[in-house]
Amino acid sequence: QVQVVESGGGLVQPGGSLRLSCAASGSFSSIPVMGWYRQAPGNQRELVAVMPSGGSTNYADTVKGRFTISRDNAKNTVYLQMNSVRPEDTAVYYCHADVRRGSLDYRYWGQGTQVTVSL
């Protein structure tokens, strides 16, 4: 079994910063891809940022230049540094880990962490 656990959400003022963490644990040989999605009320879940183990990254246009994704492969952990946050960044943030077992990859999701940007 695989567990994916996020932490670091909360209330932050516009223009402030927040750092999310996500750790994966369980039975797998590697994690080719880890990333972050978010879902605001009434909206579909959308990509925020993804990072393969090789290090290249992909960001949503709405967060480019403000958010930074990083990984600690030794700890099976991915981070999302959120700077210059805006009210429209308010959402539940979900982490995913695409883990490899044998020759196949399986996607696991965390339970989500609430981020609220407000005065």
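Every value quoted in this text rests on a predicted model; they were computed, and no experiment measured them.

Engineer: Before we go on, may I ask you to explain the sheet that holds strand S1 (residues 2–7) in this structure?
Structural biologist: Backbone hydrogen bonds hold the strands of a sheet together, and the pairing may be parallel or antiparallel. Taking strand neighbours across the sheet as the criterion, the 4 strands line up as S1-S3-S8-S7 in an open arrangement whose pairing is antiparallel. The open sheet terminates on both sides in strands that have one partner only, identified here as S1 and strand S7 (67–72). For this sheet, the mean angle separating the axes of adjacent strands, direction not counted, is 15°.

Engineer: Got a minute to help me understand the pairing of S1 in this structure?
Structural biologist: Moving residue by residue along a regular strand, the side chains alternate between the two faces of the sheet. Here S1 shows a clear split, with Val2, Val4 and Glu6 buried on one side and none of Gln3, Val5 and Ser7 buried on the other. Here S1 pairs with strand S3 (residues 18–26) via 6 bridges, running antiparallel. Each bridged residue has a counterpart across the sheet, and for glutamine 3 the counterpart in S3 is serine 25.

Engineer: Would you explain the nonpolar core in this entry?
Structural biologist: Nonpolar side chains in soluble globular proteins tend to be buried together. Residues Trp36, Leu80, Met82 and Tyr93 are the most contacted members of the largest nonpolar core, which totals 31 residues. Breaking this core down by element, the ones donating at least two residues are S1, S3, strand S4 (30–39), strand S5 (46–52), S7, strand S8 (77–82), strand S9 (91–101) and strand S11 (113–117). Per-element accounting of this core gives the leading share, 5 residues, to S9.

About the thresholds
- Residue numbering note: each chain is counted from 1, following its sequence as written.
- Totals for whole chains, interfaces and linings use every residue, but because this is a predicted model, local features are given only for residues with pLDDT of at least 70 and side-chain atom pairs only at 80 or more, for both listing and counting.
- To obtain the side-chain values, all non-hydrogen atoms of the structure were included, while hydrogens and water were left out.
- Pairing between two strands requires that DSSP report at least two bridges joining them.
- A helix here means a DSSP run of H or I that spans at least four residues, while a strand means a run of E at least two residues long, and both kinds are numbered starting from the N terminus.
- The angle between two axes is taken between their N-to-C directions and runs from 0 to 180 degrees, where each axis is a line fitted to C-alpha atoms and a helix contributes only its stretch in contact.
- Relative accessible area decides the class of each residue, using a 1.4 Å probe on protein chains only: under 20% of the type maximum gives buried, over 50% gives exposed, and in between gives partly exposed.
- Buried Ala, Val, Leu, Ile, Met, Phe, Trp, Tyr and Cys residues form a nonpolar core when they are joined through side-chain atoms within 4.5 Å.

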